[in-house]
Amino acid sequence: MAKINIKIEGIPYEVEEGMTILEAAKSCGYDIPSLCTFNHGECNLGSCRVCLVEATGARGLVASCVYPVAEGMEVRISSPAAVDARRESVELLLSNHNKNCQQCEKNEYCELLHVAKLTGARDDAFAGMHSKTFTDRLAPGLVRDTSKCILCGRCVARCQNAHGLGILGFENRGFNTIVSPAENRSFSDSPCIQCGQCVNVCPTGALMEHSEIDKVDAAFKSGKHVIVQAAPAVRAALGEEFGYPVGTPVTGKMIAALRRLGFEKVYDVNFGADLTIMEEGTELLGRLQNGGTLPMITSCSPGWVNYAEYNYEDLLPHLSSCKSPHEMQGAILKSYWAEQKGIDPKDIFVVSVMPCVAKKFEKEREQLKVNGIPDVDAVITTRELAKMIKRSGIRFTALPEEEWDQDIMGDYSGAGVIFGVTGGVMEAALRTVYFKLTGKEKDSITFEEVRGHDAGIREASLDINGSTVNVAIASGMKSAKILLDESREGKSKYQFIEIMGCPGGCINGGGQPYVRPCFLPNEDDDIIDTYKEKRAKALYSEDERQTVRQSHNNPQIIELYDKFLEAPNSHKAHELLHTSYAGREGFN
């Protein structure tokens with residue numbers, strides 16, 4: 001990239017041509033107050049006007065997030081005109097904003113409040129009418145509150161950039177403008193996949209997950225056996241809520257915190273992941289050997305499953321019939337575990353701690369009930385778990401390292417751990433499929449060909465015992481659509497495809513801690529570009545530390561089949577661990 005010469009506050013600098021003023025200033029050591037601290041093209045409208053600066057060659061003040069640098073440009077950030085303009089921009093945003101900060105779910109993590117402090121914005125500097133507002137609480141996963149929306153457009157861009165969808169857009173004009181699904185519909189009445197990526201980039205509390213903390217509180221009071229299970233990606237990110245650097249695994253402290261919150265048993269969903277691999281790997285082998293529908297596509301990401309039901313009803317037979325890991329584990333808790341403990345399944349309340357907002361929708365599916373009893377009763381996100389820990393006065397950093405409960409279930413393999421990163425389900429499955437096809441373990445346990453941290457498509461051709469298995473991995477529906485259209489057209493060369501709803505996989509789920517440099521202590525400037533890689537590394541490192549790294553070698557999984565399920569894909573296994581899908585009428 002060519003270099004050009006500019007001046008900032010009278011000091012000469014050499015910066016890359018094509019940068020915006022905001023980017024150039026950051027590279028030179030300046031942090032212009034802005035609402036673009038999470039900018040991967042999600043906030044490219046310059047509509048909030050918070051980052052205004054003076055620049056030669058421009059007519060008046062310019063939004064530094066969208067205005068490009070030019071040779072010889074001189075930029076003034078601290079001029080009285082720029083300082084006053086930034087303050088007034090924030091004051092204008094506040095003038096039409098619901099300022100119930102104490103009750104707001106985004107308390108501590110509101111970027112509008114952050115820039116209000118930076119700019120010295122005055123309360124009620126611009127008093128007047130407020131726009132008519134709407135609150136949508138109908139969807140199981142998401143809540144939308146227009147009284148807190150500042151019309152920045154980040155959510156609109158994220159939905160398009162990650163998924164190629166236009167679920168959210170600008171409705172109406174002028175003072176009546178809102179961001180919403182078409183015709184101001186509820187998320188429940190639109191083809192929204194409930195992934196929560198819009199929540200991750202919203203700077204205020206306008207978009208939030210639908211909290212189920214109250215459900216868990218009520219369960220504790222009910223006298224039921226309240227059991228908790230946590231997904232692998234949670235341990236790779238929860239520490240960020242308590243001051244740990246991104247990518248710090250906090251498994252032991254998380255277990256200790258869950259016990260102190262009052263859960264009767266604390267289990268790892270990695271057990272369910274191992275169980276999923278046994279069922280899914282066997283299903284894949286059956287399709288390969290018996291002329292089944294190929295390519296087979298993974299089904300553990302509920303956001304992706306929602307997308308398929310909305311947009312690719314004709315391809316639903318390609319999806320694995322396996323339930324997702326936490327649903328499988330919930331089903332076992334309310335059958336085999338209940339039987340062994342002598343407890344009525346109706347008296348068991350299963351809570352899943354997930355990095356995912358779509359899991360809240362998933363648990364409501366009628367197909368995921370056995371004899372009318374849901375496999376999972378409540379889903380809380382990583383962020384919700386952090387709230388529960390903080391309100392209970394638990395000092396997370398002072399907790400001891402404790403171990404999962406491992407009576408009947410709870411032991412897990414390294415294969416189960418890596419489910420939380422894109423490519424992890426594929427690698428875990430291949431470790432077992434390789435053994436099933438060859439009768440021996442692969443010399444190098446890892447399948448580096450399928451690893452990666454970013455959204456997009458990866459593919460590999462693997463020679464397993466003389467058979468070529470072509471596989472592909474995609475995360476984010478924008479990438480997945482390419483593979484799906486190939487399958488629809490009969491042009492797919494793959495036998496097995498892994499699809500994750502969120503770009504990067506569960507480590508970047510819609511329920512994970514917010515990644516904002518202003519809210520993350522002791523982090524490098526490159527955190528926005530590397531947070532997914534750092535979280536993924538935490539999971540891969542735990543995989544490497546495990547003695548058992550293949551799902552089929554998990555002794556508790558072996559015992560479960562011997563004593564209860566009989567064999568992978570048995571009749572009993574299908575009753576408890578498999579499901580079905582259906583197109584969503586009106587959206588296809």
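Residues numbered from 1 in each chain as written. Predicted model: local features only at pLDDT ≥ 70, side-chain atom pairs only at ≥ 80, totals over all residues. Heavy atoms only, no water.

Draft legend 1. Examining the sheet that holds strand 19 (residues 467-475) more closely. As summarised here, the arrangement of the four strands in space is 13-20-19-18, forming an open sheet in which the pairing is mixed. The sheet is open, and its two edges are formed by strand 13 (296-297) and strand 18 (456-464), each paired on a single side. With nine bridges joining them, strand 18 and strand 19 adopt antiparallel strand pairing. Bridged to S461 within strand 19 is N470. (Pairing = 2+ DSSP bridges. Helix = DSSP H or I, 4+ residues; strand = E, 2+ residues; numbered from the N terminus.)

Draft legend 2. Molecular detail of helix 9 (residues 270-290). Compared with the 30 Å implied by 1.5 Å per residue over 21 residues, the 30 Å span of helix 9 between its first and last C-alpha is a close match. Of all 21 residues in helix 9, 16 are buried, a share of seventy percent or more. Just beyond helix 9, the residue with positive phi is G291, at close to 70 degrees. (Expected span 1.5 Å × (residues − 1). Buried < 20%, exposed > 50% of the residue type's maximum accessible area, 1.4 Å probe, protein only.)

Draft legend 3. Highlighting the packing of aromatic side chains. One pass over the structure, following the stated rule, counts seven aromatic pairs. Aromatic side chains Y307 and Y312 sit 5.9 Å apart centroid to centroid with 40 degrees between the ring planes, which places their arrangement in the tilted category. Accessibility classification places Y307 together with Y312 in one group, the buried group. By way of ring pairs, the aromatic residues F242, Y244 and F396 are connected into one cluster. (Phe/Tyr/Trp six-rings, centres within 6.5 Å; stacked < 30°, edge-to-face > 60°.)

Draft legend 4. Summary view of the sheet that holds strand 7 (residues 142-145). Across the sheet, which stays open at both edges, the three strands sit in the order 6-7-10 with antiparallel pairing between neighbours. Every interior strand has two partners, whereas the edge strands, strand 6 (135-136) and strand 10 (207-209), have only one. Here strand 7 pairs with strand 10 via three bridges, running antiparallel. By the bridge assignment for strand 10, R144 is matched with L207.

Draft legend 5. Here's a closer look at the environment of E91. By secondary structure assignment, the location of E91 is in helix 2 (residues 80-95). For E91 and C28, which are 63 residues apart along the polypeptide, the C-alpha to C-alpha distance reads 28 Å. Those residues in contact with E91 that sit more than four places away from it in its chain are A121, R122, A125 and F126. (Contact = heavy atoms within 4.5 Å.)

Draft legend 6. Quick look at the pairing of strand 1 (residues 3-8). Here strand 1 shows one buried face, formed by I4, I6 and I8, and one open face, formed by K3, N5 and K7. Of the strand pairs in this sheet, strand 1 and strand 2 (residues 11-16) are connected by six bridges, and their pairing is antiparallel. Within the sheet, the bridge partner assigned to K7 lies in strand 2 and is P12. Linking strand 1 back to strand 2 in an antiparallel pair, the connection comprises two residues, with E9 at a positive phi of about 55 degrees.

Draft legend 7. How the structure looks around the packing of helix 2 against helix 3 (residues 111-119). Packing of helix 2 against helix 3 brings their axes to within 9 Å, and their N-to-C directions diverge by 140 degrees. Here helix 2 runs over helix 3; the crossing is left-handed. Here R86, R87, V90, L93 and L94 of helix 2 come into contact with helix 3, specifically with L112, V115, A116 and T119. Here the contact of helix 2 with helix 3 is composed, by residue class, of six nonpolar, one polar and two charged. (Axes fitted to C-alpha atoms, helices over the stretch in contact; angles between N-to-C directions. Left-handed = near helix turned anticlockwise from the far one by under 90°. Nonpolar A, V, L, I, M, F, W, Y, C, P; charged D, E, K, R; others polar.)

Draft legend 8. The arrangement of the pattern of salt bridges in detail. Taken as a whole and judged by the stated rule, the model has 43 salt bridges. Between R431 and E427 there is a salt bridge, with its nearest N and O atoms 2.9 Å apart. In this pair, R431 and E427 are both assigned in helix 15 (residues 424-438), four residues apart and thus about one turn of the helix distant. Among the residues examined, R431 registers a relative accessible area of 2% and is labelled buried. Its salt-bridge partner being D543, residue R549 comes within 2.9 Å of it at the nearest N-O pair. Judged on exposure class, the residue R549 and its partner D543 are both buried. Within the structure, one salt-bridge network assembled from shared partners comprises E212, K215, K360, K363, E364 and E384. (Salt bridge = Lys/Arg side-chain N within 4 Å of Asp/Glu carboxyl O.)

Draft legend 9. The arrangement of the environment of G504 in detail. Note on placement: G504 falls in the loop between strand 20 (496-500) and helix 17 (527-545). With 83 residues separating them in the primary sequence, G504 and V421 have C-alpha atoms 6.4 Å apart.

Draft legend 10. Fine view of unusual backbone geometry. The omega torsion across L294 and P295 is -5 degrees, close enough to zero to call that bond cis. Although it is not a glycine, D124 adopts a positive phi angle of roughly 60 degrees. Tracing the backbone through its elements, the reader meets D124 in the loop between helix 3 and strand 6. D124 sits in the exposed class, given a relative accessible area of 51%. One non-glycine residue, E566, lies in positive phi territory at about 80 degrees. Within the secondary structure layout, E566 lies in the loop between helix 18 (555-565) and helix 19 (571-577). For E566, a relative accessible area of 58% gives the class exposed.

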